[in-house]
Amino acid sequence: MTGPMVRADGVRKRFGAHEVLCGVDLTVDRSEVVCIIGPSGSGKSTFLRCINHLEKISGGQLYVDGHLVGYRRRGNKLYEMREREVAAQRIDIGMVFQQFNLFPHMTALGNVIEAPIRVRKEPRQEVIRRSKELIDRVGLSSRMDAYPAQLSGGQQQRVAIARALAMRPKLMLFDEPTSALDPELVGEVLDVMRDLAAEGMTMVVVTHEMGFAQEVASKVAFMDEGQILEMGPPRELFRDPQHERSRTFLSRVL
Amino acid sequence: MEEKHTVLPASAGRTSGEDGPDSEDLVVVPIRHYGRWIASAIVLLFLASLVHSIANNPNFLWPVFFEYLFSEVMIDGLELTVLLTVVAMIVGISGGIVLAVARLSANPVVSGLTAGYLWFFRGTPILVQLIFWYNLAALFPVISIGIPFTGPTFFEGSANDLITPFTAAVLGLGLNEAAYMAEIVRAGILSVGTGQDEAARALGMRRLLAMRRIILPQALRVIIPPTGNETIGMLKMTSLVSVIALSELLYSAQTVYSRTFETIPLLMVACFWYLVLTSGLTFAQSVIERRLGRSTAAASARPNWLPGWRRQK
């Protein structure tokens, strides 16, 4: 299929009276890495969570790989999808969380093989073989049988990335993947993400790592108060921000 | 830089003790707890005199105690007590899981009805419930299973035949326990962070799969300790079914002493067996808790043979 991997048209999200997203437009092409930056509370994470329907949008339209997320359209009506269909949509979308969210009662390998075996129903031996390769790729072949509590934050996050990749997603979402890490552990996680980008994975990354955004992103989107105020190639956006608020924000973080 | 002096355990003894302040090794003398020694001596003295007076009090009829300790009637009662505890706990735990999930359901009718169930079964005495179940036949002489109000019945039987003292006891104890277990399981489920559920869903898991593979196994760590207490409580609660003439441990003792009037020794036999069982359960509970704690073993190093109640420093 061609066409963009993600297309957001005027996506809105309200929590009660509070409007978190007020019309977000964004297109992510295949093999593109889009970094979303902006002050905290600007709705970056909420928007990311809408992409795999962890949050239900309150307005606008959101497509992943040409399909509406969470709804089916018939005529001019949108039918909410059943839980089974939503789950099926999520199979193709990997997500990495700020707090890793590894399953603490399973080993590193157990975390990675769980979903391919239980959700995709792939043969166990084959999944184990592939998962070991993935864990090796994120540089943790010696910690296969360690439980999350025995791993450092950076190691946990790398296992979490391997876990998401084990489902062979078309799209990877990263929700501030390095924000909960000690500074000296940030690099190892960014290295893995950099490799992933180089291999052509489509990625949407909410991040505060401006260096990473500058180096890896094909597009950087600046978000504030529930809207994307400015978007462009990192070099342009970082060097010459057009909008007043992006200028203030960047002058503070760069 | 090395420390000025090395602290040695008291057992290391004196080395160059009297050398003055420049000495490399200084001996640490722990506080002597004289008060503890005195208090212990007093308490132990009282205990010894208590044991002595009980052992030598002829009214306790110790020969009778030993005569009945392994007697057939008491062992039969013991077996029934164990069986009742096991079956009632199975009913209670499985019922509790179902009720807990129903209580957390988004469906207001389901969660509301569950709340009503908990309200009723936790709000009335278990003794009353047991007598109620035992007398169910008076309310519903015929019990049938089928589609309500209309249609075929799949099963029909006389309540008098169905509700034996044993089924009444299992129903009474089990359904009551389910209400308490529901709250324990619910607390366990709620103790697992929402991040776990989100991670599971982001991987494409459906709610039931995530519950079974991700949430419940983690909730178990919170659920197991109070469940152990509930099991021990259930073991003792089975003695209540003596009121519906089911010959478990207490009722067996009662049947003997109502005939021989050797009340105290028979009750001592019953207590002895209750203590044996609860001790076993306490030990089993600590073994299970340790197993479940494996995944966090690195976070909290602890000797792996100590039972749970000695684990704190």
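Given the structure is predicted, the values throughout are model-derived calculations rather than measurements.

Calculation criteria
- Residues numbered from 1 in each chain as written.
- Chains lettered and ligands numbered in written order.
- Predicted model: local features only at pLDDT ≥ 70, side-chain atom pairs only at ≥ 80, totals over all residues.
- Heavy atoms only, no water.
- Helix = DSSP H or I, 4+ residues; strand = E, 2+ residues; numbered from the N terminus.
- Contact = heavy atoms within 4.5 Å.
- Areas by Shrake-Rupley, 256 points an atom, 1.4 Å probe, with all protein chains shown as cover.
- Buried area = accessible area lost by both parts, 1.4 Å probe.
- Salt bridge = Lys/Arg side-chain N within 4 Å of Asp/Glu carboxyl O.
- Polar contact = N/O pair within 3.5 Å; in protein donor to acceptor, adjacent residues only side chain to side chain.

Undergrad: Which residues make up the overall build of chain B, and what are the values?
TA: If you tally the helices and strands in chain B, you get 12 helices and four strands. In chain B, of all internal contacts separated by at least 6 residues, the share reaching a separation of at least 24 is 67%. Put simply, chain B shows about 19200 Å² of open surface, and 67% of that area lies on carbon and sulfur atoms.

Undergrad: Requested: an account of the interface of chain B and chain A, with residues and values cited.
TA: With 21 residues of chain B at the contact, the number on the chain A side is 27 residues. Carbon and sulfur atoms supply 59% of the area buried between chain B and chain A, which totals about 2300 Å² over both sides. Counting across the chain B and chain A interface gives three salt bridges. Linking arginine 49 of chain A and glutamate 198 of chain B is a salt bridge whose minimum nitrogen-to-oxygen distance equals 2.7 Å. Linking chain B with chain A are six residue pairs in polar contact (both at pLDDT 80 or more). Contributing elements (two or more residues each) for the side of chain B that touches chain A: helix H9 (194–202) and helix H10 (207–237) of chain B.

Undergrad: Give a description of unusual backbone geometry that names residues and reports values.
TA: Residue and element names in this part refer to chain A. A positive phi is found at phenylalanine 100, a non-glycine position, where the angle reads about 65 degrees. Mapping phenylalanine 100 onto the fold places it in the loop between strand E8 (93–96) and helix H3 (108–118). Backbone geometry places glutamate 176, a non-glycine residue, at a positive phi of 45 degrees. Note on placement: glutamate 176 falls in the loop between strand E9 (171–175) and helix H6 (183–198).

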